[in-house]
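Single-letter residue listing:
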Amino acid sequence: MDTLSYKTVSANKATVQKQWLLVDAEGQTLGRLASKVAIMLRGKDKPNFTPHVDCGDNVIVINAEKVHLSGNKWEDKTYIRHTGYPGGQRSTTAAELRAKNPATVVEKAVKGMLPKNKLGAELFRNLKVYAGAEHNHEAQKPTTITLKNLK
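By convention here, each chain's residues receive numbers from 1 onward along its written sequence. Local features in this predicted model are restricted to residues whose pLDDT is 70 or higher, and side-chain atom pairs enter the listing and the counts only when it is 80 or higher, whereas totals over whole chains, interfaces and linings include all residues. For the side-chain quantities, the full set of heavy atoms in the structure was used; hydrogens and water were omitted.

Draft legend 1. Here's a closer look at helix α1 (residues 30-42). Every helix listed is a DSSP run of H or I at least four residues long, and every strand listed is a run of E at least two residues long, numbered separately from the N terminus. A helix's residues, less one, multiplied by 1.5 Å, set its expected span. A rise of 1.5 Å per residue sets the reference length of α1, with its 13 residues, at 18 Å; its end C-alpha atoms lie 18 Å apart and thus fit the reference within 8%. Burial classes follow relative accessibility: with a 1.4 Å probe on protein chains only, a residue under 20% of its type's maximum area counts as buried, one over 50% as exposed, and anything between as partly exposed. Taken together, the buried positions of α1 are occupied by L30, L33, A34, V37, A38, M40, L41 and R42. At the C-terminal side of α1, G43 shows a positive phi close to 95°.

Draft legend 2. A look at the sheet that holds strand β5 (residues 127-129). For two strands to pair, DSSP has to find at least two bridges joining them. Strand order in this open sheet of four strands is β5-β2-β1-β6, and the pairing throughout is parallel. If you trace the sheet from one side to the other, it starts and ends with β5 and β6 (143-145), each paired once. Strand-to-strand twist across the sheet, computed as the mean angle between neighbouring axes with direction ignored, equals 25°. Across three bridges, strand β2 (residues 58-62) lies against β5 in parallel orientation. Its bridge partner lying in β5, I60 is registered against K128. Every axis corresponds to a line fitted to the C-alpha atoms, with the helix fit spanning only the stretch in contact, and the corresponding angles, defined between N-to-C directions, vary from 0 to 180 degrees.

Draft legend 3. Broad picture of the pattern of salt bridges. By salt bridge we mean one thing: a side-chain nitrogen of Lys or Arg within 4 Å of a carboxyl oxygen of Asp or Glu. On inspection of all chains with the given rule, the structure shows two salt bridges. K18 is the partner of D54 in a salt bridge, and the nearest nitrogen-oxygen pair spans 3.1 Å. Of this pair, D54 sits in the loop between α1 and β2 while K18 is found in the segment before β1 (20-24), placing the two residues 36 residues apart along the sequence. Judged by its relative accessible area of 36%, K18 is partly exposed.

Draft legend 4. Just the environment of G27, in detail. Positionally, G27 belongs in the loop between β1 and α1. G27 sits in the exposed class, given a relative accessible area of 57%. In sequence terms G27 and N48 are 21 residues apart; their C-alpha atoms lie 32 Å from each other. Contact definition: two residues touch when any of their heavy atoms are within 4.5 Å. Sequence-distant contacts of G27, defined by excluding residues within four places in its chain, comprise K66 and H68.

Draft legend 5. Summary view of the pairing of β2. Within β2, five of the five residues are buried, which leaves it mostly tucked inside the rest of the structure. Going residue by residue along β2, you find N58, I60 and I62 tucked away on one face and V59 and V61 tucked away on the opposite face as well. In this sheet, β2 lies alongside β1 in parallel orientation, the contact comprising five bridges. Among the inter-strand pairings, L22 is bridged to a residue of β2, identified as I60. We call a crossover right-handed when, viewed with the strands running away from us, the connection from the first strand over the helix to the second turns clockwise. Once you follow β1 into α1 and on to β2, the crossover reads as right-handed.

Draft legend 6. How the structure looks around the side chain of N63. Its location among the elements puts N63 in the loop between β2 and α2 (73-76). Overall, the relative accessible area of 5% leaves N63 in the buried class. Polar contacts involving the side chain of N63 include one to the side chain of D24, which spans 2.7 Å. Think of a polar contact as two N or O atoms within 3.5 Å of one another; within protein, one of them needs to be a possible hydrogen donor and the other a possible acceptor, and neighboring residues in sequence only count if both atoms come from side chains.

Rendered as structure tokens:
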């Protein structure tokens, strides 16, 4: 048996092949969209995935205001934050957050699916979310991805 064929390859910053991906969120369900985007940001869809290295791609999400939530989640889903002062708990519904900044709804969903450490913060910087169909990353020549074809 050839033992060299079983050698584990560990990726690092020098060997990672990062690319730019474009995802259209129009008509997509928020949670399903966010989980697939988080997998692409983390790099878990690549054969050389290494847990402690940023081996994921840069992802651009457009049409964030046209994302879909099932049921009454636009009114029932709440985002809770705290100001840091006594009695400073504030809550916002998904509809209020979408009216204020539609990109934040997608960003919060994806960020919640990334690791809660320094690597997760570094991965989150690779996500760009835009409310409309225009984005300013044409120079990177992003590849358009259809989420229906991904597993």
